[in-house]
Amino acid sequence: MDLQELNGRGLVLLGCGKMGSALLAGWLARGVVPQAVHVIDPRPSDWLSGTGVHLNGALPSVPAVVLLAVKPQMMGTALPVLAGLGASGTLFVSVAAGTSLAMLGAALGQDAAIVRAMPNTPAAVGQGITALIGNARVGTGEMAVAEALMAAVGQVVRLESEAQMDAVTGLSGSGPAYVFHLIEAMAAAGAAEGLAPDLALDLARATVAGAGALAVQSGEAPGVLRENVTSPGGTTAAALAVLMDEGAGFPPLLRRAVAAAAARSRELGQ
């Protein structure tokens, strides 16, 4: 779907922090005109104020889409303002973690078409990935609109059930923080081996970024890429013997980490 098709009825963006700003920048770059976008944000950034969008004003009577990008704890006060649009044919897309379709439906009305989305922070540089699931009111056309909106900041995948969203949260939603910590840990390990801290950080950052790009662009399975770097009895093999240890290496550690994040996501959705 072409996002320019939404220019007529308009889009409402509720909340324009880091994720909302990334989405808005992506929409504008793909042909959505500023005059079609209505943003509600109590503390607009200088960048937002200069985009030309409608800011904190009256909303269109029946917008094509309302995208909810406020923090989960703010949903209780934000949603009642929009409840009247639930039966109007407006599509709601929520990027709030831990806020279920049932919770959104209770506030917006059972006739509301709602898509729940879980993007991640690389959306800020157009390299995110978003998982989508819609309620029973969302048809093929509405899902295509949601995909087009989220594709403005990266890849999009569809889920088979909302129950999968907690696992997505634990893996890709929270996952960038795991990678950032890996960079920190690699840099610290390099410094411990005698490198200057700044040099160690540059090496760690570029290594992770380059390996990620290779994993995406090569088309090879990550296991094959790993084996390509590993010579029998070599330095990489010595390191992997530690990292791949089934008792104390990456596999059990990451299983616990992702499980902890998924469990917390389920708690937030109660």
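The following refers to the structure shown. (Residues numbered from 1 in each chain as written. Predicted model: local features only at pLDDT ≥ 70, side-chain atom pairs only at ≥ 80, totals over all residues. Heavy atoms only, no water.)

**Description of the side chain of arginine 116**
Checked against the element boundaries, arginine 116 lands in strand E6 (residues 113-118). Reaching out from arginine 116, the side chain makes a polar contact with the backbone oxygen of threonine 99 at a distance of 3.3 Å. The residues touching arginine 116, leaving out its near neighbours within four places in the chain, are Ser94, Gly98, Thr99, Ser100, Leu101, Ala131, Leu132, Ile133, Glu162 and Met165. (Helix = DSSP H or I, 4+ residues; strand = E, 2+ residues; numbered from the N terminus. Polar contact = N/O pair within 3.5 Å; in protein donor to acceptor, adjacent residues only side chain to side chain. Contact = heavy atoms within 4.5 Å.)

**Observations concerning the pattern of salt bridges**
Counted under the stated rule, the structure contains 6 salt bridges. Ionic pairing is found between arginine 255 and glutamate 246, a salt bridge with its closest N-O pair at 3.8 Å. Of the two residues, arginine 255 and glutamate 246, neither departs from the other in class, the shared state being exposed. A salt bridge links arginine 264 to glutamate 267; the nearest nitrogen and oxygen atoms lie 3.0 Å apart. (Salt bridge = Lys/Arg side-chain N within 4 Å of Asp/Glu carboxyl O. Buried < 20%, exposed > 50% of the residue type's maximum accessible area, 1.4 Å probe, protein only.)

**A short note on the side chain of threonine 51**
Looking at the element boundaries, threonine 51 is found in the loop between helix H2 (46-49) and strand E3 (54-55). On the basis of relative accessibility, which here comes to 16%, the residue threonine 51 falls in the buried class. Within the structure, the side chain of threonine 51 is placed 2.7 Å from the backbone oxygen of leucine 48, a separation counted as a polar contact. From its side chain, threonine 51 meets the backbone nitrogen of valine 53 in a polar contact 3.4 Å long. In this structure, threonine 51 is in contact with Leu28 and Pro34, ignoring residues within four places of it in sequence.

**Quick notes on a nonpolar patch on the surface**
Judged by side-chain polarity, Leu243, Met244, Phe250, Leu253 and Leu254 come together as a nonpolar surface patch covering roughly 410 Å² of accessible area. When residues in the nonpolar patch are grouped by element, the largest group, 3 residues, is from helix H11 (residues 250-268). With respect to the helices, strands and loops of the structure, leucine 253 is situated in helix H11. (Patch = residues over 30% accessible without salt bridge, like charges linked within 9 Å, V, L, I, M, F, W, Y side chains within 5 Å. Areas by Shrake-Rupley, 256 points an atom, 1.4 Å probe, with all protein chains shown as cover.)

**Some remarks on the nonpolar core**
Core analysis: the biggest nonpolar cluster contains 37 residues, and Leu24, Trp27, Val65, Leu67, Val93 and Leu149 have the highest contact counts within it. Looking at this core, the elements with two or more residues in it are strand E1 (11-14), helix H1 (18-29), strand E2 (37-40), strand E4 (65-68), strand E5 (91-94), E6 and helix H5 (140-151). Looking at which element gives the most residues to this core, the answer is H5, with 6 residues. Discounting chain neighbours no more than four positions away, the residues touching valine 93 are Val65, Val66, Leu67, Leu68, Val115, Ala117, Ala146 and Leu149. (Core = buried A, V, L, I, M, F, W, Y, C linked by side-chain atoms within 4.5 Å.)

**A short note on the sheet that holds E4**
Sheet strands pair via backbone hydrogen bonds, and the direction of the pair is either parallel or antiparallel. Read across the sheet, 8 strands follow the order E3-E2-E1-E4-E5-E6-E7-E8 without closing on themselves; strand pairing throughout is mixed. One side of each edge strand has no neighbouring strand; the edge strands of this open sheet are E3 and strand E8 (154-158). Relative to E2, E1 runs parallel, the two sharing 4 bridges. Across the sheet, the residue bridging to leucine 11 is valine 37, located in E2. Each of E1, E2 and E4 is contacted by H1, which is oriented at about 160° to E1, the strand it contacts most. In the packing of helix H4 (residues 101-108) onto the sheet, contacts are made with E4, E5, E6 and strand E7 (128-134), and the angle to E6 comes to roughly 140°. (Pairing = 2+ DSSP bridges. Axes fitted to C-alpha atoms, helices over the stretch in contact; angles between N-to-C directions.)

**A short note on helix H6 (residues 165-173)**
Considered for burial, the residues of H6 that qualify are Met165, Asp166, Val168, Thr169, Gly170 and Ser172. On its buried face, H6 sits against E6, E7, helix H7 (175-192) and H11.

**Regarding the environment of valine 95**
If you trace the backbone, valine 95 turns up in the loop between E5 and H4. Through-space distance from the C-alpha of valine 95 to that of proline 119 is 7.0 Å; in sequence the pair is 24 residues apart. In this structure, valine 95 is in contact with Met19, Leu67, Leu68, Ala69, Ala117, Pro119 and Met150, ignoring residues within four places of it in sequence.

All we've got here are geometric facts, nothing functional implied.
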